[in-house]
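Listed below, chain by chain, are the residues.
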Amino acid sequence: MYELKTKETDSSVIEFIENVESPKKREDAYKLLDIFTEATGYEAKMWGPSIIGFGAYHYKYQSGHEGDAPLVGFSPRKAKISFYFATGDTKREELLKDFGKHTTGKACVYINKVADIDVDVLKSLINQSVRFLKETYTNH
């Protein structure tokens, strides 16, 4: 049986941020913690060893694979800061046009620092992601 690596844990979000090596990344992580908490209304939780997630939803794919994931989240990684937003909503692409300096992967959006992006657009991306996932998946 496939075991999900990214599960909600009881690890301390603050302790995790305090252990981020780069002082600039640490500072950005605290800014993001405030922005995500304010935008979602959810308490931050650690998901796996390095993702700070907000809220949760249960997904089930047609393949039968299912699990839980944060509605939105971020991770202050060494190279870049990763954002975890919902995929599959065309609104995401629209919002990213005005987001600022970023790159995208399959499911993630990456930035170098908070100063490179428009925080209002970030809040819109967070809200859009939460709304989309709540409409798409029935929360547990």
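Here the structure is shown first, and the text comes after it.
I will try to describe carefully the structure that is included in this document. (Residues numbered from 1 in each chain as written. Predicted model: local features only at pLDDT ≥ 70, side-chain atom pairs only at ≥ 80, totals over all residues. Heavy atoms only, no water.)

## Describing the sheet that holds strand S5 (residues 72–76)
By definition, the strands of a sheet pair up through backbone hydrogen bonds, in either a parallel or an antiparallel sense.
Next, step 1: Strand order in the open sheet made by the 6 strands is S1-S2-S5-S6-S8-S7, with antiparallel pairing throughout. In this open sheet, the two strands that pair with only one neighbour each are strand S1 (44–47) and strand S7 (103–104).
Next, step 2: Pairing geometry for S5 and strand S6 (residues 81–84), over 4 bridges, is antiparallel. Across the sheet, residue Pro-76 finds its bridge partner in S6, namely Ile-81.
Next, step 3: Docked against the sheet, helix H2 (residues 23–40) engages S1, strand S2 (51–54), S5 and S6, running at close to 175° with respect to S5. (Pairing = 2+ DSSP bridges. Helix = DSSP H or I, 4+ residues; strand = E, 2+ residues; numbered from the N terminus. Contact = heavy atoms within 4.5 Å. Axes fitted to C-alpha atoms, helices over the stretch in contact; angles between N-to-C directions.)

## Focus: the pattern of salt bridges
Next, step 1: Tallying each qualifying case throughout the model produces 9 salt bridges.
Next, step 2: Across the pair Glu-27 and Lys-24 runs a salt bridge, and its minimum N-O distance is 3.7 Å. Of the two residues, Glu-27 and Lys-24 both sit in helix H2, 3 residues apart, roughly one turn of that helix.
Next, step 3: When its relative accessible area of 40% is taken as the criterion, Glu-27 is described as partly exposed.
Next, step 4: Between Glu-93 and Arg-92 there is a salt bridge, with its nearest N and O atoms 3.6 Å apart.
Next, step 5: Overlapping salt bridges bring together Lys-24, Glu-27, Asp-28 and Lys-31 as one network. (Salt bridge = Lys/Arg side-chain N within 4 Å of Asp/Glu carboxyl O. Buried < 20%, exposed > 50% of the residue type's maximum accessible area, 1.4 Å probe, protein only.)

## Description of the pairing of S1
Next, step 1: Note that S1 and S2 share 4 bridges and pair antiparallel. Bridging from a neighbouring strand, Met-46 pairs with Ile-52 of S2.
Next, step 2: The antiparallel hairpin formed by S1 and S2 contains 3 residues in its connecting segment, where Gly-48 sits at a positive phi of about 65°.

## Let's talk about the nonpolar core
Next, step 1: Residues Phe-36, Ile-52, Phe-83, Phe-99 and Leu-122 are the most contacted members of the largest nonpolar core, which totals 36 residues.
Next, step 2: Setting aside chain neighbours within four positions, we find Leu-122 in contact with Leu-32, Ile-35, Phe-36, Phe-83, Phe-85, Phe-99 and Ile-117. (Core = buried A, V, L, I, M, F, W, Y, C linked by side-chain atoms within 4.5 Å.)

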